[in-house]
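# Coordinate analysis (summary)
Now for the letters of each chain:
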Amino acid sequence: MSNYIRTILINLHRIIYYVVLTRIWMRHPERHSLKERYEIARQMVFKMNKSMGYKTVAYGQEKLPKEGGYIMYPNHQGKYDVPGILSVHDEPCSFIMDEAKAHIILVAEFLKLVDGKTFGLTDARGAIRVFQEMAKEIQEQGRKFILFPEGGYKENNRNIVESFKAGSFKAAQMAKAPIVPVALVDSYKVYNSPHRGPVTTYVYYLDPIYYDEYKGMKTKEIASMVENRIKDKIKEHLSA
């Protein structure tokens with residue numbers, strides 16, 4: 001039995017509770033601040049992790065921009081990537097995901113709690129619309145987002161980073177926002193590998209890349225720079 005199925009079965013009572021709670025709260029989202037909703041989402045992650053022996057260790061939190069919003073660009077390893085980051089990111093942040101996967105029970109509730117956004121992976125117009133919304137919210141509200149530049153992930157990827165899609169960095173350009181490269185290590189082991197039992201995953205927040213540094217670059221150049229920094233950090237971790 002996979003870790004994913006075991007997690008669902010062991011935490012079925014919690015899943016039911018949080019699904020019901022979220023649906024009640026989201027009838028009147030204005031009654032609950034984003035901070036309150038974010039803490040509920042993190043609570044879900046903490047309790048499920050504790051029940052299964054999953055642990056995420058983070059490095060570089062002190063590098064995160066202290067003022068305003070930003071976009072985190074991590075490598076993509078599997079279903080645990082977003083929960084892993086949220087568990088070690090104290091300020092409310094949200095994420096963008098494939099519309100086709102956004103209606104799965106619990107995923108949908110999680111997305112609503114943190115005011116996440118969706119678009120189809122082949123919907124270029126939809127992506128631009130979402131990027132425009134993100135840019136406005138980053139500039140006006142100081143929001144923080146997670147956007148995976150690989151698009152998708154491969155099962156049991158063994159910490160291999162696939163090519164980053166240049167188009168995903170248009171979101172940062174529109175917002176003139178800091179880009180935070182994020183290196184995920186062993187995140188795939190939690191739900192997307194044959195591994196069984198407890199897992200420790202790692203989140204590395206790398207040095208932010210501010211707008212003044214990348215404003216004259218093409219998106220392909222930005223993508224390559226961020227991809228290489230993440231690959232270097234993963235290589236450093238695995239060789240330690």
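Throughout what follows, the structure given in this document is the object of discussion.

What counts and what doesn't
- Residues numbered from 1 in each chain as written.
- Predicted model: local features only at pLDDT ≥ 70, side-chain atom pairs only at ≥ 80, totals over all residues.
- Heavy atoms only, no water.
- Pairing = 2+ DSSP bridges.
- Helix = DSSP H or I, 4+ residues; strand = E, 2+ residues; numbered from the N terminus.
- Axes fitted to C-alpha atoms, helices over the stretch in contact; angles between N-to-C directions.
- Contact = heavy atoms within 4.5 Å.
- Expected span 1.5 Å × (residues − 1).
- Buried < 20%, exposed > 50% of the residue type's maximum accessible area, 1.4 Å probe, protein only.
- Patch = residues over 30% accessible without salt bridge, like charges linked within 9 Å, V, L, I, M, F, W, Y side chains within 5 Å.
- Areas by Shrake-Rupley, 256 points an atom, 1.4 Å probe, with all protein chains shown as cover.
- Salt bridge = Lys/Arg side-chain N within 4 Å of Asp/Glu carboxyl O.
- Phe/Tyr/Trp six-rings, centres within 6.5 Å; stacked < 30°, edge-to-face > 60°.

## Quick word on the sheet that holds strand β3 (residues 94–98)
- Here we have seven strands laid out as an open sheet, ordered β1-β7-β6-β2-β5-β3-β4, and mixed in their pairing. What marks the edges here is a single partner per strand, and that holds for β1 (54–59) and β4 (117–119). The mean angle between the axes of side-by-side strands here comes to 25 degrees, regardless of whether they run parallel or antiparallel.
- Note that β3 and strand β5 (residues 144–146) share two bridges and pair parallel. Pairing of Phe-95 across the sheet is with Ile-146, part of β5.
- The sheet strands contacting helix α6 (residues 124–141) are β2 (70–74), β3, β4 and β5, and the helix crosses β4 at an angle near 160 degrees.

## A word on the environment of Met-48
- Positionally, Met-48 belongs in helix α3 (residues 34–52).
- Non-local contacts of Met-48, meaning those with residues more than four positions away in its chain, are made with Thr-7, Asn-11, Ile-15 and Leu-106.

## Considerations on helix α10 (residues 219–239)
- Compared with an ideal rise of 1.5 Å per residue, which puts 21 residues at 30 Å, α10 spans 30 Å between its outermost C-alpha atoms and is within 8% of the ideal.
- Residues of α10 that are buried make contact with β2, α7 (170–175), β6 (179–185), β7 (199–205) and α9 (211–214).

## What to know about helix α2 (residues 12–25)
- In this model, α2 (14 residues) spans 20 Å end to end at C-alpha, consistent with the 20 Å of a helix rising 1.5 Å per residue.
- Where α2 is concerned, the buried positions are Ile-15, Tyr-18, Val-19, Leu-21, Thr-22 and Trp-25.
- Lining the buried residues of α2 we find α1 (3–10), α3 and α5 (107–113).

## Quick notes on a nonpolar patch on the surface
- A cluster of nonpolar residues, Leu-12, Ile-16, Val-20 and Ile-24, forms a patch on the protein surface that exposes about 350 Å² of accessible area.
- Looking at where Ile-24 falls in the secondary structure, it is placed in helix α2.

## Some words on the pairing of β7
- Of all seven residues in β7, five are buried, a share of seventy percent or more.
- Pairing geometry for β1 and β7, over six bridges, is parallel. Looking across to β7, one finds that Thr-56 is bridged to Thr-201.
- Bridge count between β6 and β7: four bridges; the pairing is antiparallel. Bridge assignment links Val-182 to a residue of β7, and that residue is Tyr-205.

## Some thoughts on the packing of aromatic side chains
- Using the criterion set out here, one finds ten aromatic pairs in the structure.
- Seen from their ring centres, Tyr-73 and Phe-169 are 4.2 Å apart, and the 20 degrees between their planes marks the pair as stacked. One end of the pair, Tyr-73, is in strand β2; the other, Phe-169, is in the loop between β5 and α7, with 96 residues separating them in the sequence.
- For Tyr-73, a relative accessible area of 0% corresponds to the buried category.
- Residue classification places Phe-169 among the buried positions, given a relative accessible area of 0%.
- Ring plane angle 90 degrees and centroid distance 5.4 Å describe the contact between Tyr-211 and Tyr-214, whose orientation is recorded as edge-to-face. Placement of both Tyr-211 and Tyr-214 in helix α9 is noted, with a separation of three residues, approximately one turn of the helix.

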